[in-house]
Structure formats: C-alpha cells, structure tokens
Amino acid sequence: MTAFEFRKRAIAASFAVSAIAMMAGSFSATAQESTDPIKLTLHDWTGQLITTQIMGEVLQKAGYNVEYVQADYLAQFAGLETGDLDVAMEMWETTGREAMDAATATGKVENFGPTGMKAKEEWWYPEYMKEKCPGLPNWEALKDEACAEAFSTAETAPKGRYLGGPVTWGGFDDERVEALDLPFEVIHAGTDAALFAELESAYQRKAPIMLWIYAPHWAPAKYKGEWVEFPEYTPECYGDPSWGSNPDMAYDCGKPFGEIWKVGWAGVKDKWPGAYEAIKAFTINNDEMGKMITEVDLDGKTVEEVTAEWMDANQDRWMGWIGK
C-alpha cells in the first residue's frame, strides 16, 4: 500500500468515525430525557381529573414515567416553583390568574399555553327564581331586601344565601359581597360533588338557591337558569380599590372570563423536552370536555373509562402531540 493510499483510507476512516460519533451524539441527545416521573397535579373537580388523565396517558404512550399527585389548586404553585411538582393541566383565568402571574413572575413557573377550553364561572340561579326577583340577571336586583330574602334559608335569613365553591378554589366571593354591599351570606361547599348535589336537590323542589356554576360543565345544559350580570371584570377592579362603584374596596365586579391554561415548573422543557412539546400541543374544547364530564358525573362512568374512550377515538390527534 502506498503512502497516498494509506492516507486516503485513514481520512475515510476518520470521516466514518465522525459520522458514527455524530449519530451517537444525536441518539444520546434524545436519550438524555430524564426517566424521573413527571408529576401531574390532581384537583377536586371532574374536568380537571379528565384533562390530567388524558395528558398522563399520552405521555405514557410516548414512554415517559408519570406520577399523579393530589394538590391544592392555588397552593400548588409553591411545589411548581421548586420542581417538586411539574405540571398543572388546568389553571382557570376566572380564579387563578393572580396566583399564576405571581408564580410566572419568579421565572420558576412557565405558562405552557391555553388548553383550548374557555372558562366561565359566576353566580347562577334557576330560572324559577326570577318570579321572586324579577330584576335579575342585573346584580343590583340582589340589593333589594325582598329579593335577598327570597334566596335565604333558615341559617341566613333575612340575608340571602350564596353557595360558593370549596374555599381552595378562590374566587373572591366573600370580598365581592362586601364590596358590592350585598345582603347575602357566603357559604362554601365542602367539595365539588356537594355543590352540585345541593343544586340537584334544590332544583327538584324548586327551592331557593344561588350558587357558583362553572363551564365547561354539564350543569348549565341540564338546568334552566342564568348567570348574574355583575359589573364587567377588569384587572383594575381586583387591583385598584378606587376603581368601580365602591371607592374603598376591590372586587366590586364580576369574575373574569377567559382561557383555561396549562402551567408547570420551568425546568420541564430542559428535563423532558419531548414531554414539554406534547404538553404545549395538548388542546381540547368545551363541548368535548362537557360530554366527558356528563358521562362521569351523570352516567356513572369512571374517569379512566372516558379517558380510554377519548384516546381510542382521537389516536391521530394525540399521536401528533408526541410527534408520531
């Protein structure tokens, strides 16, 4: 072998080694994703359990280790900031915006984008109550003593009774009652199930009830009723007491409407980049979610059953989220 041929073969071998190294490097970049479990938070309403279960199933199909962790809706941000929790699939614009903004401002929590669902949460009453309070849905009708008493119960009379969600949901209803000088007493339901069980009972008896209803949910479709029309929310209403009808207090308006967001620990994109892209790609709409909530809460199916059915019916869709 001549020196020239030897040199030529050496160069070719060098290129081959470089190519193999590049391929191995590319392979290891993919393999660098952590095998640690991605911790998804669970809360106390059916829709959130479904959303989280779907995301968890999709991530498992992509080969990730998933762990579900029960967490408080607002207090979870402490865990998301430290990385003790990784992903929260539903943060509602209506109740969680302040907590989300405070967390993302630290740089330790990231907004992963909208879920595709639109949130509405507000005071709601059955249609039959308008006979006793004909000024509704205008919120000012609630200031009338006769109207308030029509919504009263033995424990609150002569004040009206407003049944709010569990305390952990936030929502500023106690502050709203005080700021708008409403003759109502706020009673918080212990659980999501208790909230709607009380609505069902009152509706069947045509008993007085004013309560927190949210959408997407089956209740606004099953029951005839209306949301109270409060002064329209603005950020100033929550942050500037001088805004609105009460110059001394904030929260003298309704709840905000808008997106339901996905949020999580800012380290997710570096630790599990493929999962990060899948979470960002996740999207579902109100009609889909409302149907699944109905199947669980009214038809007796489990969260796991409706999730499995959704996965089977939407395979092309969720496979696109994981790049397959």
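Residues numbered from 1 in each chain as written. Predicted model: local features only at pLDDT ≥ 70, side-chain atom pairs only at ≥ 80, totals over all residues. Heavy atoms only, no water.

Student: Before we go on, may I ask you to explain the overall build of the chain in this structure?
Tutor: Helices and strands together make up the secondary structure of the chain, namely 14 helices and nine strands. Expected size for 324 residues packed as a compact globule is a radius of gyration near 20 Å; at 26 Å, the chain overshoots this value by more than 25%. Overall, the C-alpha framework of the chain stretches about 110 × 45 × 25 Å when taken along its three principal axes. Counting the 324 residues in the chain, one finds 47% classified as buried. (Helix = DSSP H or I, 4+ residues; strand = E, 2+ residues; numbered from the N terminus. Rg over C-alpha atoms; globule rule 2.2 N^0.38 Å. Buried < 20%, exposed > 50% of the residue type's maximum accessible area, 1.4 Å probe, protein only.)

Student: Hey, could you run me through the packing of aromatic side chains in this one?
Tutor: The final tally for this structure, using the stated rule, is 23 aromatic pairs. On the basis of an interplanar angle of 80° and a centroid distance of 5.4 Å, the ring pair of Trp45 and Tyr73 is categorised as edge-to-face. A residue pair is termed long-range when its members are at least 10 positions apart, and Trp45 in the loop between β1 (38-42) and α2 (46-61) and Tyr73 in the loop between β2 (66-70) and α3 (76-82) qualify at 28 residues. Summarising the aromatic geometry, the rings of Phe282 and Trp321 are spaced 5.1 Å apart at their centres and angled 55° between planes, so their arrangement reads as tilted. Placement of Phe282 in the loop between α11 (273-281) and α12 (286-297) and of Trp321 in helix α14 (residues 315-321) is noted, with a sequence separation of 39 residues between them. The buried category is assigned to Phe282, whose relative accessible area is 1%. Judged by relative accessible area, which is 9%, Trp321 ranks as buried. (Phe/Tyr/Trp six-rings, centres within 6.5 Å; stacked < 30°, edge-to-face > 60°.)

Student: What exactly am I supposed to notice about the state of the cysteines here?
Tutor: Should the sulfur atoms of two cysteines be covalently bonded, the bond is a disulfide. By the definition in use, this model includes two disulfides. One disulfide bridge connects Cys133 with Cys147, the sulfur atoms lying 1.9 Å from each other. Measuring handedness by torsion sign, the sulfur bridge of Cys133 and Cys147 sits at about -90° and is left-handed. Of this pair, Cys133 sits in the loop between β4 (109-126) and α5 (145-150) while Cys147 sits in helix α5, and the two are 14 residues apart along the sequence. Across this residue pair, the class does not change: Cys133 and Cys147 are buried. (Disulfide = S-S within 2.5 Å.)

Student: Would you mind showing me how to read the side chain of His217 here?
Tutor: Residue placement: His217 occurs in the loop between β7 (210-215) and α8 (219-222). Looking at His217, the relative accessible area reads 8%, which means it is buried. Engagement of the side chain of His217 in a polar contact is seen with the side chain of Trp218, the distance being 3.5 Å. From its side chain, His217 meets the backbone nitrogen of Ala219 in a polar contact 3.0 Å long. In this view, His217 contacts Phe196, Ile293 and Asp297; residues no more than four positions away in its chain are not counted. (Polar contact = N/O pair within 3.5 Å; in protein donor to acceptor, adjacent residues only side chain to side chain. Contact = heavy atoms within 4.5 Å.)

Student: I would appreciate a short explanation of the packing of α2 against α12 in the present structure.
Tutor: When two helices pack together, their arrangement is captured by the angle between the axes and the distance separating the axes. Relative to each other, α2 and α12 sit at 110°, their axes nearing to 9 Å. Compared by their axis directions, α2 and α12 come out roughly perpendicular. Crossing angle aside, the handedness with which α2 passes α12 is right-handed. Across the interface between the two elements, Thr46, Gly47, Ile50, Thr51 and Ile54 from α2 touch Met289, Met292, Ile293, Val296 and Asp297 from α12. (Axes fitted to C-alpha atoms, helices over the stretch in contact; angles between N-to-C directions. Parallel < 35°, antiparallel > 145°, perpendicular 65-115°, else oblique. Left-handed = near helix turned anticlockwise from the far one by under 90°.)

Student: Is there a simple way to think about the pairing of β1 in this case?
Tutor: Taken residue by residue, a regular strand's side chains alternate between the two faces of the sheet. Along β1, five of the five residues are buried, which leaves the element largely enclosed by surrounding structure. By the alternation rule, side chains of β1 split into Ile38, Leu40 and Leu42 and Lys39 and Thr41, which are all buried. The handedness of the β1 to β2 crossover, carried by α2, is right-handed. (Right-handed = clockwise from strand over helix to strand, strands pointing away.)

Student: Just to check I follow, could you spell out the environment of Glu81 for this structure?
Tutor: Within the secondary structure, Glu81 is located in helix α3. Residue Glu81 is classed as partly exposed on the basis of its relative accessible area, which comes to 26%. Remark: the alpha-carbon pair of Glu81 and Gly267, spanning 186 residues in sequence, is separated by 9.4 Å. Dropping the residues within four chain positions of it, Glu81 is found in contact with Ala103, Thr106, Lys108, Val109 and Trp265.

Student: Sorry if this is basic, but what is going on with the confidence of the model for the chain here?
Tutor: Close reading of the predicted structure is inappropriate where its pLDDT is low. Across the chain, the average pLDDT comes to 90, with 90% of residues at 70 or higher. The low-confidence segment residues 1-31, where pLDDT is below 50, has two contacts with residues more than four positions distant or belonging to other chains. (pLDDT = per-residue confidence, 0-100.)

Student: Help me understand the environment of Tyr203 in this model?
Tutor: Tracing the chain through its elements places Tyr203 in helix α7 (residues 192-205). You can call Tyr203 partly exposed: its relative accessible area is 21%. Note: C-alpha distance between Tyr203 and Gly300 (97 residues apart in sequence) is 21 Å.

Student: Quick question: what am I supposed to make of the pattern of salt bridges here?
Tutor: Applying the stated criterion across every chain, the model contains 16 salt bridges. When the shortest N-O distance is used, the salt bridge between Glu155 and Arg161 registers 3.0 Å. Residue class for Arg161 comes out buried when judged on its relative accessible area of 10%. Between Glu200 and Lys222 there is a salt bridge, with its nearest N and O atoms 3.1 Å apart. (Salt bridge = Lys/Arg side-chain N within 4 Å of Asp/Glu carboxyl O.)

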